[in-house]
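# Observations on the model geometry
The chain contents come next:
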Amino acid sequence: MKNVRHLFDISDLTTKEIDELLRVAEDIMMNRGKYAGACARKKLATLFFEPSTRTRLSFEAAMQELGGSTLGFASAESSSTSKGESVMDTIRTVSSYADIIVMRHPKEGAALAASQRSVVPVINAGDGGHCHPTQTLADLLTIKHYHGRVKKLRIGICGDLKFGRTVHSLINALTRYENNSFVMISPPELGIPNYVQHEILSPRKAEWTTCQNIEDCIGSLDVLYMTRIQKERFQSVEDYERLKNCYVLDAAKMMAAKKKMCVLHPLPRVKEISVDMDDDPRAQYFTQVTNGKFMRMALILKFLEDADKGYCPPPAREVIKNKFICENPACVTNAESDLVQLCTLRDATHNVYRCEYCESKVKKPF
Ligand SMILES: [Zn+2]
């Protein structure tokens, strides 16, 4: 099988590549005509085994603005997998007539599994609750465009920091840049998990602190990233009732914020951001949606270009094959039986090995 590069997770891009993607996305924003025919005669397939209209439309609009065309399906019911075809076979078929594939699937690691059968680049547009790298890139572009930089910023991240994977991916991206510091705003039971501390924050010596209330720290922030907080994540209904308003941002709380702070949210919001602040110029969550399209344009250009050049970076870590079984029921290896089990050592200090597909911890594979 031809070696092509794919995008599963923000870790698949070097910092230099992220910087270049940001630069190209900003150039597209300013000179849209220049890119109008950049992908003429190229086809993008959007394979959404799980519906996500927002993300799918953003990719399709991105490809159309580049002069390319799109094909695909919007839910598993409209694909051949509903007739029992495996995801692997679907991918193999589609990759013979598309130049690039964007895929969303409910199983964790599905994009990595699919890439093993694809002769064209596969971009992960969400695999279960696991990774959604283009969302993170859109977040970075919004910060860059608003502040003129992605470094030397104090970033507050508010909401469910334990289960919210977009948050982990954002921390992974922002800790690569110098002098960024973080305030983790959440109830104690929804704080940053150990793996983010041990595998991202500590190795990169990132400065971070915790806070239980937006009001206590908003005045020091340059960026406030809001996420959904779900009632069912709390240990008791009383805790939820007591704490829920601490994590709702409104015009009154914004009074204490810097004039040049920006507010981001991956959308859709439920009640975390009051509509009374939508007209505040610091509210950047709708700009984030537009930026998502520009970022996806830059990404499609880059991955098509790398595929044309035959460029595929070597794996960042040594991969161990078939010496363990991943026990995560949401992992794609538990749904597609002929996949090779893959894992890597992620944290040498604590001897942590993780499944390459879903990143859950696996027992030491020897
Ligand atoms: Zn797994």
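## Focus: the overall build of the chain
Summing up its helical and strand segments, the chain has eleven helices and 13 strands in all. Taken against the 2.2 N^0.38 rule, which gives 21 Å for 366 residues, the C-alpha radius of gyration of the chain at 20 Å falls within 12% of a compact globule. With respect to the three principal axes, the spread of C-alpha positions in the chain is 55 × 55 × 40 Å. For the chain, with 366 residues in total, the buried portion stands at 43%. Looking at the chain alone, contacts between residues at least 24 apart form 74% of all its contacts between residues at least 6 apart.

## Some remarks on the packing of helix α1 (residues 15–30) against helix α11 (residues 285–309)
The contact between α1 and α11 brings their axes to 8 Å, and the two run at 120°. Looking at the two axes, α1 sits oblique to α11. Handedness of the α1/α11 crossing: right-handed. Contact residues: α1 offers L21, V24, A25, I28 and M29, while α11 offers F294, M295, M297, A298, L299, L301 and K302. Residues that form the contact of α1 with α11 fall into these classes: eleven nonpolar, no polar and one charged.

## Observations concerning the domain arrangement of the chain
Per the domain assignment, the segments making up the chain are domain 1 (10–131 + 290–309), domain 2 (143–282) and domain 3 (320–362). Look at where the C-alpha atoms of domain 1 and domain 2 centre, and you get two points 28 Å apart. Taken together, the contacts link ten residues of domain 1 with seven residues of domain 2. Here the side of domain 1 that touches domain 2 gets four residues from one element, more than from any other, and that element is α1. Residues that form the side of domain 1 that touches domain 2 fall into these classes: four nonpolar, five polar and one charged.

## What to know about the environment of N334
Positionally, N334 belongs in the loop between β10 (320–321) and β11 (342–347). Through-space distance from the C-alpha of N334 to that of K107 is 9.1 Å; in sequence the pair is 227 residues apart.

## Some thoughts on the pairing of strand β8 (residues 223–226)
Taken residue by residue, a regular strand's side chains alternate between the two faces of the sheet. By the alternation rule, side chains of β8 split into V223 and Y225 and L224 and M226, which are all buried. As paired strands, strand β5 (residues 154–158) and β8 are joined by four bridges and run parallel to one another. Residue pairing across strands places C158 opposite M226, the latter belonging to β8. By the bridge criterion, three bridges tie β8 to strand β9 (residues 262–264) in an arrangement that is parallel. Residue pairing in the sheet places Y225 in a bridge with L264 of β9.

## Here we look at the sheet that holds β11
Strands sit in the order β10-β11-β12-β13 across an open sheet of four strands; the sheet is antiparallel. Only two strands of the sheet have a single neighbouring strand rather than two, namely β10 and β13 (361–362). Sheet topology places strand β12 (residues 352–355) next to β13; two bridges connect them, and they run antiparallel. For R354, the partnering residue across the bridge sits in β13 and is K361.

## Considerations on unusual backbone geometry
That bond from L267 to P268 is cis: its omega, 0°, falls within 30 degrees of zero. By secondary structure assignment, the location of P268 is in the loop between β9 and α11. Although it is not a glycine, N179 adopts a positive phi angle of roughly 60°. Its place among the elements puts N179 in the loop between α6 (165–174) and β6 (181–185). Not every positive phi belongs to a glycine, and N322 is a case in point at roughly 55°. Turning to its location among the elements, N322 is positioned in the loop between β10 and β11. For N322, a count of 10 C-beta atoms within 10 Å translates into the label exposed.

The rules we used
- Residues numbered from 1 in each chain as written.
- Predicted model: local features only at pLDDT ≥ 70, side-chain atom pairs only at ≥ 80, totals over all residues.
- Helix = DSSP H or I, 4+ residues; strand = E, 2+ residues; numbered from the N terminus.
- Rg over C-alpha atoms; globule rule 2.2 N^0.38 Å.
- Buried ≥ 20, exposed ≤ 12 C-beta atoms within 10 Å, placed from the backbone.
- Contact = placed C-beta atoms within 7 Å.
- Axes fitted to C-alpha atoms, helices over the stretch in contact; angles between N-to-C directions.
- Parallel < 35°, antiparallel > 145°, perpendicular 65-115°, else oblique.
- Left-handed = near helix turned anticlockwise from the far one by under 90°.
- Nonpolar A, V, L, I, M, F, W, Y, C, P; charged D, E, K, R; others polar.
- Domains from an automatic or database assignment.
- Pairing = 2+ DSSP bridges.

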